Amino acid sequence: MLVWFIRHFPGEAYATIGEIQRQAHAEWGVPAANTLRVLRRDPSLDGTLTDEQRETYFALLEPHKDTG
């Protein structure tokens, strides 16, 4: 399902994945990077996204470190 969402609605999938990361951190203290690692695993099992497509898409979702 995640692969379908990414393929057909990449912008909405991006926002949804970001919200999942925020909620997991706020409710359970799960770091955003850990949530992303688990979500990244699903498209690799499906096989319809190439490794390059998956890595490129999920790289955009990586949490940014504060530079302050």
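All of the points below concern the structure found in this document. Numbering of residues begins from 1 in every chain and follows the order in which that chain's sequence is written. Given that this is a predicted model, residues contribute local features only at a pLDDT of at least 70 and side-chain atom pairs are listed and counted only at 80 or more, while totals for whole chains, interfaces and linings are drawn from all residues. Water and hydrogen atoms play no part in the side-chain values, which are based on all heavy atoms of the structure.

## Overview of the overall build of the chain
Here is step 1 of the chain: Note on conventions: DSSP H or I runs of at least 4 residues are helices, E runs of at least 2 residues are strands, and numbering of each starts at the N terminus. In terms of helices and strands, the chain carries four helices and zero strands.
Here is step 2 of the chain: For the chain, the succession of helices and strands along the chain, N to C, is α-α-α-α.
Here is step 3 of the chain: The contact criterion used throughout is that any non-hydrogen atoms of two residues lie within 4.5 Å. The contacts in the chain between residues at least 6 apart in sequence include a share of 53% that link residues at least 24 apart.
Here is step 4 of the chain: Calculation of accessible area relied on Shrake-Rupley with a 1.4 Å probe; when residues are assessed, cover is drawn exclusively from the protein chains displayed. In the form shown here, the chain has an accessible surface area of approximately 5,000 Å², with 58% of it arising from carbon and sulfur atoms.

## As for the packing of aromatic side chains
Here is step 1 of the chain: Stacked, edge-to-face and tilted are the three classes for Phe, Tyr and Trp ring pairs, Trp counted by its six-membered ring, which pair at centre distances within 6.5 Å; planes under 30 degrees apart are stacked, over 60 edge-to-face, the rest tilted. All chains considered together, the criterion is met by two aromatic pairs.
Here is step 2 of the chain: Connected via pairs of aromatic rings, a cluster forms that spans W4, F5 and F9.

## Let's talk about the pattern of salt bridges
Here is step 1 of the chain: Within this document, salt bridges are pairs made up of a side-chain nitrogen of Lys or Arg and a carboxyl oxygen of Asp or Glu, the two lying within 4 Å of each other. Counted according to the given criterion, the structure contains one salt bridge.
Here is step 2 of the chain: Its salt-bridge partner being R22, residue E19 comes within 3.2 Å of it at the nearest N-O pair. Of this pair, E19 and R22 both sit in helix α2 (residues 10-28), three residues apart, roughly one helical turn.

## Describing the environment of Q53
Here is step 1 of the chain: Examined against the element boundaries, Q53 turns out to sit in helix α4 (residues 51-59).
Here is step 2 of the chain: Here the term buried applies to any residue with accessible area under 20% of the maximum for its type, exposed to any over 50%, and partly exposed to those in between, with areas from a 1.4 Å probe on protein chains only. Owing to a relative accessible area of 37%, Q53 belongs among the partly exposed residues under this scheme.
Here is step 3 of the chain: Setting aside residues up to four positions removed in sequence, Q53 forms contacts with R7 and T48.

## Some points on α2
Here is step 1 of the chain: With 19 residues, α2 ought to run about 27 Å at 1.5 Å a step, and its terminal C-alpha atoms sit 26 Å apart, in line with that.
Here is step 2 of the chain: Restricting attention to buried positions, one finds in α2 the residues A13, I17, G18, Q21 and A24. Projected onto a plane normal to the axis of α2, the buried residues spread over an arc of 135° and lie on a single side. Turned more than 90 degrees from where α2 packs its buried face, R22, A26 and E27 sit exposed.
Here is step 3 of the chain: Two residues or fewer past α2, G29 is found with a positive phi of approximately 70°. Expected span of a helix: the number of residues minus one, times 1.5 Å. To be clear, the arc concerns the directions from the helix axis to the C-beta atoms.

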